[in-house]
Amino acid sequence: MTLIDNTILFVKQQLENAEGGHDWFHIERVYKNALLIAQREDCDLTVIKLGTLLHDIADSKFHNGDEQIGPTTARAFLESQNVPEETILHVIAIIENISFKGGNFEKKFSSKELDIVQDADRLDALGAIGIARTFNYGGFKNRPLYNPAIQPNLNMSKEDYKNSEAPTLNHFYEKLLLLKDKMNTETGKQIAEQRHVYMEGFLAQFYAEWEGDK
């Protein structure tokens with residue numbers, strides 16, 4: 001088996017019981033997104049494949065906020081596969097810098113590969129699947145769908161974002177609708193624009209039904 005085959009097997013095993021929006025199928029969709037974007041970019045495909053497959057190997061929000069468990073888990077696996085240290089460091093940097101974290105997080109690392117993996121991950125937070133994932137996670141956390149009395153917080157710190165218990169619909173304004181303007185690649189921007197429009201239509205329908213207008 002190849003390195004990528006072994007990585008896929010490892011990720012499937014690790015995420016076997018994961019929450020539905022952050023499971024193997026999320027990884028698979030992001031992987032496909034990344035390969036699509038990479039077709040138009042000058043990049044290291046091995047780093048992109050490994051970074052994509054391992055980017056959510058141990059998401060901190062499911063591990064009491066521990067932001068080191070993901071990089072540590074990824075490093076242990078990559079070392080077991082005798083991956084060169086230079087590649088390991090690049091993949092770890094992608095894992096550490098990919099997240100939205102309230103939109104105020106300054107990346108401490110930059111590379112074309114990070115740009116591609118980040119765009120691929122953000123695309124899975126948009127459109128029909130983005131909507132489904134958002135409400136799936138809200139249900140997982142037992143959050144209300146919507147509460148008109150609780151307004152979105154557009155100035156959250158990283159800690160505020162991590163600890164937020166706001167209604168699910170607020171997440172559209174606190175993250176999802178902001179993503180199209182934060183894409184890194186032209187391909188990512190084009191796809192994000194389409195999915196953004198779809199979400200705006202969903203929200204219009206949601207509010208109309210909430211008010212009994214439709």
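As the structure is a computational prediction, the values presented were derived from the model and not from experiment.

Thresholds applied
- Residues numbered from 1 in each chain as written.
- Predicted model: local features only at pLDDT ≥ 70, side-chain atom pairs only at ≥ 80, totals over all residues.
- Heavy atoms only, no water.
- Salt bridge = Lys/Arg side-chain N within 4 Å of Asp/Glu carboxyl O.
- Helix = DSSP H or I, 4+ residues; strand = E, 2+ residues; numbered from the N terminus.
- Buried < 20%, exposed > 50% of the residue type's maximum accessible area, 1.4 Å probe, protein only.
- Expected span 1.5 Å × (residues − 1).
- Arc of directions from axis to C-beta.
- Contact = heavy atoms within 4.5 Å.
- Core = buried A, V, L, I, M, F, W, Y, C linked by side-chain atoms within 4.5 Å.
- Axes fitted to C-alpha atoms, helices over the stretch in contact; angles between N-to-C directions.
- Parallel < 35°, antiparallel > 145°, perpendicular 65-115°, else oblique.
- Left-handed = near helix turned anticlockwise from the far one by under 90°.

A.B. asks: Looking at this model, I keep getting lost on the pattern of salt bridges. Mind explaining?
C.D. replies: Inspection of every chain in the model, using the stated rule, returns seven salt bridges. Note that Lys112 and Glu41 form a salt bridge whose closest N and O atoms lie 3.3 Å from each other. Of this pair, Lys112 sits in helix 6 (residues 112-123) while Glu41 sits in the loop between helix 2 (24-38) and helix 3 (45-54), and the two are 71 residues apart along the sequence. What makes Lys112 partly exposed here is its relative accessible area of 31%.

A.B. asks: Sorry, what's going on with helix 7 (residues 127-140) here?
C.D. replies: Across its 14 residues, helix 7 extends 20 Å between first and last C-alpha, which sits within 8% of the 20 Å expected from 1.5 Å per residue. Within helix 7 the residues assigned to the buried category are Gly127, Gly130, Ile131, Arg133, Thr134, Tyr137 and Gly138. One side of helix 7 holds all its buried residues, which, seen down the axis, span an arc of 165°. Where the residues of helix 7 are buried, they touch helix 2, helix 9 (170-174) and helix 10 (186-210). Where helix 7 terminates, the next one or two residues include Asn142, which has phi positive at roughly 60°.

A.B. asks: Looking at this structure, how should I read the nonpolar core?
C.D. replies: The tendency in soluble globular proteins is for nonpolar side chains to be buried side by side. Residues Ile48, Ile116, Leu123, Leu126, Leu169, Phe172 and Met199 are the most contacted members of the largest nonpolar core, which totals 28 residues. Going through the elements one at a time, helix 2, helix 3, helix 6 and helix 10 are the ones with two or more residues in this core. Counting 19 residues, the second-largest nonpolar core is a separate cluster that includes Phe77, Leu78, Val91 and Ile92.

A.B. asks: Any chance you could explain the packing of helix 2 against helix 3 here in plain terms?
C.D. replies: Helix-helix packing is described using two parameters, namely the angle between the two axes and the distance between the axes. Two elements in contact, helix 2 and helix 3, have axes separated by 9 Å at closest approach and are oriented at 155°. Looking at the two axes, helix 2 sits roughly antiparallel to helix 3. Helix 2 and helix 3 meet at a crossing whose hand is right-handed. Of the residues in helix 3, those touching helix 2 at Trp24, Ile27, Val30, Tyr31, Ala34, Leu35 and Ala38 are Leu45, Ile48, Lys49, Thr52 and Leu53.

A.B. asks: Help me out: how do you make sense of the environment of Leu78 in this one?
C.D. replies: The topology assignment puts Leu78 in helix 4 (residues 69-80). Judged by relative accessible area, which is 0%, Leu78 ranks as buried. Sequence separation of Leu78 and Ile88 is 10 residues, and the distance between their C-alpha atoms is 6.6 Å. When residues no more than four places from it in sequence are discounted, the contact partners of Leu78 are Leu50, Leu54, Val83, Ile88 and Val91.

These figures come from the coordinates and say nothing about function on their own.
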